[in-house]
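# Structural overview for review
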Amino acid sequence: MPIAGVMLQLMSKVNILAIANHPEILETIVRLINQQDAWNGIPAGSIAEAEEALRLNSIDLVLLGVGVDEETGERIVSLCQSIDPRIACLRHFGGGSGLLYSEIRHALAGG
Amino acid sequence: MKNSVLHPAASRFHADHGWLKSAQTFSFHGNYDPQRIQFGALRVLNDDTVNGGKGFGRHPHDNMEIISIPLEGTLEHQDSMGNVAVINPGEIQVMSAGTGIYHTEFNKDADEPVTFLQIWLYPNKLNVAPRYDQMEYASGDRHNRFQQILSPDPDDEGVWIHQNAWFHLADLDEGFEAEYHLKNNDNGVYVFVIEGSIEVNGQVLAARDGYGFWPEPAVAVKALAESALLVIEVPEKW
């Protein structure tokens, strides 16, 4: 596929930044996200990685996963608001496929 | 009645994976309905049947209070904390996933299916240390009365979790009337009929129906047939 085609495909996907400090759970979440054709999962294993990802990518949705405490979560939300108020932030619970898809669908639907 | 939700058994999501048949009261995995997300802190109520010798392979959980109640058959649990356990009807298993845990859940029997309720509650604390526990309770202690099997207090009856929630089971004879008294008057109550038929505050429920509401401090229950029920008391906000 030409590079322009790849770029268009990536741009048309929903970019979802998943933040979690548990490497295996983070890998699982991103793999599950990427199983959906319309979604693109971007991992961040630390707050520094998350902040960098937010500055370098056009993120649509942020999942605050395991290890992100309340205070840090609020910091991420504030950063998202300052970058683009349309970025939705939500707390991900469960660490696997059980709740992930409905959490994302609910957030994308404005829930 | 204000703020009540009725979930007839047939209205649940149904997933059939061959080895697993799952009736799901709330949105789960690929099933999504914005009107069926949760009842307060109660997020998952799955009524699962797993074929003999089959089960859930190694998978992770975090930040969730996960409770399993076997109804028929035997479950075998193994987790990344080194726990290996078998649970049978008359027992309850609880796992606080907290900062992260991996586990497997298999039908211990090679031939007979296992049916169990898989219940997830949002925790009232994030990133707690993972823990596992299970407990046996005497079946006679719930004949025509509510038997507590879960609470937020490690020193109270039953297992405990990181949430201000209480679970009670009851086996009621036909015609028997009982009152459930809330532990916290701000909580909601979700009644799930395991077997039989009951009337709760004027609402008639059949087997596997669920009914959630924010009641008066006492909930009147009448068994319309010999019945078994699970009462889940949960906060609306936490």
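Throughout this document, residue positions are counted from 1 along each chain, in the order its sequence is written. Chain A is the first chain written and ligand 1 is the first ligand written, with later ones labelled in order. Note on the predicted model: pLDDT of at least 70 is required for a residue's local features to be given, and 80 or more for side-chain atom pairs to be given and counted; whole-chain, interface and lining totals, by contrast, use all residues.

### Brief notes about the nonpolar core
Core membership is restricted to buried Ala, Val, Leu, Ile, Met, Phe, Trp, Tyr and Cys residues, and these are joined into a nonpolar core through C-beta atoms within 7 Å. Backbone-placed C-beta atoms define the burial measure: a residue is buried with 20 or more other C-beta atoms within 10 Å of its own, exposed with 12 or fewer, and partly exposed in between. Counting residues in each nonpolar core, the largest one holds 86 residues, and the members touching the most others are Leu17(A), Ala18(A), Ile19(A), Val62(A), Leu150(B) and Val191(B). Here the element with the most residues in this core is strand β11 (residues 114-121) of chain B; it accounts for six residues. Our contact criterion uses C-beta atoms placed from the backbone: two residues qualify when those atoms are within 7 Å. For Val191(B), the residues in contact, after removing those within four places along its chain, are Val200(B), Leu205(B), Gly210(B), Tyr211(B), Leu229(B) and Val231(B). Each helix corresponds to a stretch of at least 4 residues labelled H or I by DSSP, and each strand to a stretch of at least 2 residues labelled E; elements are numbered beginning at the N terminus.

### Focus on the packing of helix α3 (residues 47-56) of chain A against helix α4 (residues 70-83) of chain A
Residue and element names in this part refer to chain A. Note on method: axes are straight lines fitted to C-alpha atoms, helices fitted across the in-contact stretch only, with angles between N-to-C directions ranging 0 to 180 degrees. Running from N to C, α3 and α4 cross one another at 10°; their axes reach a closest spacing of 11 Å. Viewed along their axes, α3 and α4 adopt a mutual orientation that is roughly parallel. Of the residues in α4, those touching α3 at Ile47, Ala50, Glu51 and Leu54 are Thr72, Ile76, Leu79, Cys80 and Ile83. By the convention adopted, Pro, Cys, Tyr, Trp, Phe, Met, Ile, Leu, Val and Ala count as nonpolar, Lys, Arg, Asp and Glu as charged, and the other residues, Gly among them, as polar. Grouping the amino acids of the contact of α3 with α4 by side-chain chemistry returns seven nonpolar, one polar and one charged. Orientation labels follow simple angle bins: below 35 degrees gives roughly parallel, above 145 gives roughly antiparallel, 65 to 115 gives roughly perpendicular, and whatever is left gives oblique.

### A look at the interface of chain A and chain B
Where the parts come together, the accessible area they lose is often given as the size of the interface. Contact with chain A, which involves 21 residues of that partner, is made by 22 residues of chain B. Counting residues per element, the ones that place at least two in the side of chain A that touches chain B are α2 (23-34) and α5 (97-108) of chain A. It is α5(A) that provides the largest number of residues to the side of chain A that touches chain B, a total of seven residues. Split by residue class, the side of chain A that touches chain B holds six nonpolar, 11 polar and four charged.

### A few points about the domain arrangement of chain B
All names here are of chain B. Note that the domain bounds reflect an automated or database-derived domain assignment. Entries for chain B in the domain assignment read domain 1 (10-132) and domain 2 (139-234). Taken together, the 21 residues of domain 1 in the interface contact 19 residues of domain 2. At the level of elements, β4 (42-50), β6 (65-72) and β9 (91-96) are the ones that each hand at least two residues to the side of domain 1 that touches domain 2. Residue composition of the side of domain 1 that touches domain 2, by class: 13 nonpolar, five polar and three charged.

### Describing the pairing of strand β13 (residues 147-151) of chain B
Residues and elements named next belong to chain B. For two strands to pair, DSSP has to find at least two bridges joining them. In the sheet, β13 pairs with strand β15 (residues 166-172) via three bridges, with the strands oriented antiparallel. The partner of Gln147 across the bridge, within β15, is Leu169. Here β13 pairs with strand β14 (residues 159-160) via two bridges, running parallel. Paired with Ser151 across the bridge in β14 is Trp160.

### Some remarks on the confidence of the model for chain B
This prediction gives chain B a mean pLDDT of 96; 99% of its residues lie at or above 70. Overall fold confidence (pTM) sits at 0.94, and the ipTM for the predicted complex is 0.90. Every residue is assigned a pLDDT by the predictor, reflecting its confidence on a scale from 0 to 100.

### Here we look at the UniProt feature "domain: Pirin N-terminal" (unreviewed entry) in chain B
Per the UniProt record, "domain: Pirin N-terminal" (unreviewed entry) is found at residues 15-121 of chain B. With 0% helix and 57% strand, residues 15-121 of chain B has end C-alpha atoms that lie 21 Å from one another. UniProt positions are given in the numbering used here, feature names are shortened, and annotations may be inferred rather than shown by experiment.

### A short note on the sheet that holds strand β20 (residues 210-213) of chain B
Residue and element names in this part refer to chain B. Strands sit in the order β1-β20-β17-β22-β15-β13-β14 across an open sheet of seven strands; the sheet is mixed. For this open sheet the edge positions go to β1 (5-7) and β14, each flanked by a neighbour on one side alone. Bridge count for strand β17 (residues 188-195) against strand β22 (residues 227-234) is seven bridges, and the pairing is antiparallel. Bridge assignment links Tyr190 to a residue of β22, and that residue is Ile232.

### What to know about the sheet that holds strand β5 (residues 55-61) of chain B
Residues and elements named next belong to chain B. Taken in spatial order, the four strands of this open sheet run β5-β10-β7-β8, and their pairing is antiparallel. Single-partner strands in this sheet number two, and they are β5 and β8 (84-87). Across the sheet, the mean angle from the axis of one strand to that of its neighbour is 20°, orientation sign disregarded. As defined by bridge partners, strand β7 (residues 75-79) adjoins β8 across four bridges and the pair is classed as antiparallel. Across the sheet, Leu75 pairs through a bridge with Ile87, a residue of β8.

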